[in-house]
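Notes for the structure review
Each chain, letter by letter, is given below.
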Amino acid sequence: MTDRPHEATLYRMVMKNHLCPFGLKSLDLLKREGFKVQDHHLTSREETDAFQREYDVDTTPQAFIDGKRIGGYDELRRYFGKPVKEADEVTYQPVIAVFACTALMALGVSWAALGTLFGVRTLEWFVAISMCVLAILKLRDLESFSNMFLGYDLLAQRWVRYAYLYPFGEALAGVLMIAGALLWLAIPVAMLIGVVGAVSVFKAVYVERRELKCACVGGDSNVPLGFISLTENLMMVGMAIWMLIK
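Structure report, in brief. Here the residue numbers are simple positions, counted from 1 along each chain's written sequence. Local features in this predicted model are restricted to residues of pLDDT 70 or higher, and side-chain atom pairs are both shown and tallied only at a pLDDT of 80 or more, whereas totals for entire chains, interfaces and linings draw on every residue. Hydrogens and water are ignored here; the side-chain numbers use all heavy atoms of the structure.

Labels follow the DSSP assignment, with helices taken as runs of H or I lasting at least four residues and strands as runs of E lasting at least two, numbered in each case from the N terminus. Expected helix span is computed as 1.5 Å times (number of residues minus one). Taking 1.5 Å per residue, 12 residues should reach 16 Å; helix H1 (residues 21-32) reaches 17 Å between its end C-alpha atoms and fits that length. Three labels apply to residues, based on accessible area from a 1.4 Å probe with only protein chains included: buried if under 20% of the type maximum, exposed if over 50%, partly exposed otherwise in between. Gly23, Ser26, Leu27, Leu29 and Leu30 are the residues of H1 that are buried. The buried residues of H1 all sit within an arc of 165 degrees when viewed along its axis, so they share a single face. Summarising the geometry of H1, the exposed residues directed more than 90 degrees from the buried face are Lys31 and Arg32. Working rule for contacts: check all heavy atoms of both residues, and any pair within 4.5 Å makes them a contact. Where the residues of H1 are buried, they touch strand S1 (7-13), strand S2 (36-42), strand S3 (62-65) and helix H3 (73-79). A positive phi of about 90 degrees marks Gly34, the residue just after H1. To obtain the arc, one takes the directions from the helix axis to the C-beta atoms.

For the rest of this paragraph, the subject is the pattern of salt bridges. By definition here, a salt bridge exists when the distance from a side-chain nitrogen of Lys or Arg to a carboxyl oxygen of Asp or Glu is within 4 Å. This model, assessed by the stated rule, comprises nine salt bridges. For the salt bridge of Asp49 with Arg45, the shortest nitrogen-to-oxygen distance reads 3.1 Å. With a gap of four residues between them, Asp49 and Arg45 both fall in helix H2 (residues 45-55), about one helical turn apart. A residue is classified by how much of its surface remains accessible, and Arg45, at 40% relative accessible area, is partly exposed. Residues Glu232 and Lys138 are paired through a salt bridge, measuring 3.0 Å at the closest nitrogen-oxygen approach. Of this pair, Glu232 sits in helix H10 (residues 227-245) while Lys138 is found in helix H5 (residues 120-139), placing the two residues 94 residues apart along the sequence. With respect to burial, Glu232 and Lys138 carry one shared label: buried.

Note on terminology: a nonpolar core comprises buried Ala, Val, Leu, Ile, Met, Phe, Trp, Tyr and Cys residues joined through side-chain atoms within 4.5 Å. By size, the foremost hydrophobic cluster in this structure holds 40 residues, and its most contacted members are Phe149 and Met177. Broken down by secondary-structure element, the contributors of at least two residues to this core are helix H4 (93-114), H5, helix H6 (142-149), helix H8 (161-179), helix H9 (183-207) and H10. Excluding anything up to four places from it in sequence, Phe149 contacts Ala156, Tyr162, Ala163, Tyr166 and Ala215. Residues Ala8, Phe35, Ala63 and Phe80 belong to the second largest nonpolar core, which totals 12 residues.

Here we come to the sheet that holds S3. If you trace the four strands from one edge of the open sheet to the other, you get S2-S1-S3-S4, paired in mixed fashion. Every other strand in the sheet has two partners, leaving S2 and strand S4 (68-71) as the edge strands with one partner each. Taken pair by pair, the neighbouring strands of this sheet meet at an average axis angle of 25 degrees, ignoring direction. Only strands joined by at least two bridges in the DSSP assignment are considered to pair. Looking at chain direction, S3 and S4 are connected through three bridges and run antiparallel. Bridged to Phe64 within S4 is Arg69. The convention used is that axes are lines fitted to C-alpha atoms, helices contributing only their stretch in contact, and that angles between N-to-C directions extend from 0 to 180 degrees. Packing of H1 onto the sheet brings it into contact with S1, S2 and S3, and relative to S1 it is tilted by some 165 degrees.

Trans is the common state for peptide bonds, and a negative phi is the common state for residues other than glycine. In this model, Thr60 is joined to Pro61 through a cis peptide bond whose omega is 10 degrees. Here Pro61 shows up in the loop between H2 and S3. One non-glycine residue with positive phi stands out, namely Asp56, at about 55 degrees. Considering the arrangement of structural elements, one finds Asp56 in the loop between H2 and S3. For Leu182, which is not glycine, the phi torsion reads 50 degrees and is therefore positive. The topology assignment puts Leu182 in the loop between H8 and H9. Judged by relative accessible area, which is 45%, Leu182 ranks as partly exposed.

By secondary structure assignment, the location of Asp153 is in the loop between H6 and helix H7 (154-158). Side-chain polar atoms of Asp153 contact the backbone nitrogen of Ala156, separated by 2.9 Å. Among all residues touching Asp153, those that are not within four sequence positions of it are Tyr162, Val196, Gly197 and Ser200. Side-chain atoms alone can form a polar contact between residues adjacent in sequence; in general such a contact is a pair of N or O atoms within 3.5 Å, and within protein one must be able to donate a hydrogen while the other accepts it.

For Phe202, the location among the structural elements is in helix H9. Overall, the relative accessible area of 43% leaves Phe202 in the partly exposed class. For the pair formed by Phe202 and Leu230, sequence separation is 28 residues and the distance between their alpha carbons is 7.1 Å.

Structure follows, in structure tokens:
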């Protein structure tokens, strides 16, 4: 005879113009944990407000297990012993995602163009594609990027407009290096932003010992300024030198 599954009750917003994502995640989590769920939909703002007043809570969804209120999605994850990401938690996930995807893209391009996965051109494409993707992330919110970038870049602190031009220069150099065209333009651009960036990061992190966030994947990231930022800039310098020699 199997044990009866625990019962859970979930109140979540399911409206015509709004379906709460955390409500769906809470429902999915409860089911995956083996709970029989009574799923109650809050279908209007008035119904939601009334529910919040009744249970003296500020947000929905709200989960109850065996009659005891657990709380929202984060509280539910904590209840089951699962990790919960804090708002200001340091993470390298965006950087890992970028470089993993650009590496696979470079392998794919190399296979399609050259019929081989590995070669010098594959490495060149990896660096150049990475530059383009990183530039896209910066351009997604240029104001936010420039605010964070101005905190440590030496050239941007002297000439503010450079903070706005940087991602465009990175994208331009990356595209030209992918194509192998106009290298007389791509090389000095990559060299300039790479050298200035490397010196700025080294000074801020390893000389002044400042704890800053990196603008390399955009201005809203929690990636710490340090090795990753330095690597990005050194990649551009190395690529520029390689293209110049080549």
